[in-house]
Amino acid sequence: MNRWLILTFSLAMTAFTSCSDNKVKETAEPAKPTEEEVTETVPRDTFPADKWMEENKSKEGVVEANGIQYKVITEGTGVKPNKRKRVKMNFDLRLTNGKVVESHWGKDVMELAITNVLPGLQNALTMMPEGSTWEIYVPWQLGYGAEGSKGIPPYSALIFKVKLIEVVQMNKKN
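For the structure given in this document, a descriptive report is provided here. Remember, it's a predicted structure, so these values are computed and weren't measured experimentally.

This part covers the overall build of the protein chain. When you go through the protein chain residue by residue, the secondary structure sums to 4 helices and 7 strands. Helices (α) and strands (β) of the protein chain occur, in sequence order from the N terminus, as α-α-α-β-β-β-β-β-α-β-β. When burial is assessed residue by residue, the protein chain has 34% of its 174 residues classed as buried. Intrachain contacts of the protein chain at a sequence separation of at least 6 include 69% that bridge at least 24 residues. Split by element, the accessible area of the protein chain, about 11,200 Å² in all, is 55% carbon and sulfur.

Printed below as a string of structure tokens:
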């Protein structure tokens, strides 16, 4: 009888443990993969934005530097800002399919701290002389990344047309 009780108790505990494990598994949300995990598990050539960037760099006038690509439309002669500066600029932002996401071209002049823009745009602005107009191609890793943003799908390369109107002198220490 004691063996029967021990066997029944063991089977009950096994059943209880497996049920409780299943319940935890059913209610737990799967963890989102990090950018590193995604790029390691998915072949790089399956990202359309990566293919687009690869093809774009061979176009006439396109230069690669600091993780971005750009094409000079008009070369300015003014100073180049550093990341501690503010700039006044006009810009358009569109996706590689041509869809305009945001436009401040010819409407209002935006004044922004360089540190308040996407990393890819920061890289470009610090290379642009005041008075320049560039078309800037930002890979998804230096844009909105794996998350995307309002109107911008995840893993999207971005195209900015930027006119750097003025580097704003905030104070004498800058």
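Next comes the rest of the write-up.
Next up on the list: the packing of aromatic side chains. Applying the stated criterion across every chain yields a total of 4 aromatic pairs. Aromatic pair Tyr 70 and Trp 134: ring centres 4.1 Å apart, planes at 5 degrees, arrangement stacked. With a gap of 64 residues between them, Tyr 70 in strand 2 (residues 68-74) and Trp 134 in strand 6 (residues 133-138) connect regions that are remote in the sequence. Judged by its relative accessible area of 2%, Trp 134 is buried.

Core analysis: the largest hydrophobic core is formed by 25 residues, its most contacted members being Leu 121, Leu 125, Ile 136, Leu 158, Phe 160 and Val 162. The set of elements that each furnish at least two residues to this core consists of strand 2, strand 3 (86-95), helix 4 (119-125), strand 6 and strand 7 (158-168). Contacts of Val 162, omitting those with residues within four sequence positions, involve Met 89, Asn 90, Phe 91, Trp 105, Leu 121, Leu 125, Met 128, Ser 132, Thr 133, Trp 134 and Ile 136. Trp 52, Val 62, Trp 140 and Ala 157 belong to the second largest nonpolar core, which has 8 residues in total.

As a further point, take the pattern of salt bridges. Scanning all chains against the criterion turns up 4 salt bridges. Glu 54 is the salt-bridge partner of Lys 57, the closest N and O atoms lying 3.2 Å from each other. Put simply, Glu 166 and Lys 88 hold a salt bridge, and the shortest N to O gap is 3.8 Å. Note that Glu 166 is positioned in strand 7 and Lys 88 in strand 3, a separation of 78 residues in sequence. Looking at Glu 166, the relative accessible area reads 33%, which means it is partly exposed. Lys 88 gets classed as partly exposed once you look at its relative accessible area, which sits at 27%.

Now for unusual backbone geometry. Residue Asn 66 is not a glycine yet carries a positive backbone phi of 50 degrees. For Asn 66, a relative accessible area of 48% corresponds to the partly exposed category. Residues other than glycine seldom take positive phi values, yet Tyr 155 does so here, at roughly 60 degrees. Overall, Tyr 155 belongs to the partly exposed group, its relative accessible area being 23%.

Along the chain, Ile 152 falls in the loop between strand 6 and strand 7. Sequence separation of Ile 152 and Val 101 is 51 residues, and the distance between their C-alpha atoms is 7.4 Å.

With that settled, consider the environment of His 104. Mapped onto the elements, His 104 comes out in the loop between strand 4 (100-103) and strand 5 (110-113). Remark: the alpha-carbon pair of His 104 and Asp 92, spanning 12 residues in sequence, is separated by 5.9 Å. The contact partners of His 104, leaving out residues within four places of it in the chain, are Asn 90, Phe 91, Asp 92 and Met 110.

Along helix 3 (residues 48-56), the residues classified as buried are Ala 49, Asp 50, Trp 52, Met 53 and Asn 56. Along the long axis of helix 3, the arc covered by the buried residues comes to 160 degrees, so they all point the same way. Looking at helix 3, the residues exposed on the side facing more than 90 degrees away from the buried face are Pro 48 and Glu 55. Looking at the buried residues of helix 3, the elements they touch are strand 1 (62-65), strand 2, strand 6 and strand 7.

What counts and how
Residues numbered from 1 in each chain as written. Predicted model: local features only at pLDDT ≥ 70, side-chain atom pairs only at ≥ 80, totals over all residues. Heavy atoms only, no water. Helix = DSSP H or I, 4+ residues; strand = E, 2+ residues; numbered from the N terminus. Buried < 20%, exposed > 50% of the residue type's maximum accessible area, 1.4 Å probe, protein only. Contact = heavy atoms within 4.5 Å. Areas by Shrake-Rupley, 256 points an atom, 1.4 Å probe, with all protein chains shown as cover. Phe/Tyr/Trp six-rings, centres within 6.5 Å; stacked < 30°, edge-to-face > 60°. Core = buried A, V, L, I, M, F, W, Y, C linked by side-chain atoms within 4.5 Å. Salt bridge = Lys/Arg side-chain N within 4 Å of Asp/Glu carboxyl O. Arc of directions from axis to C-beta.

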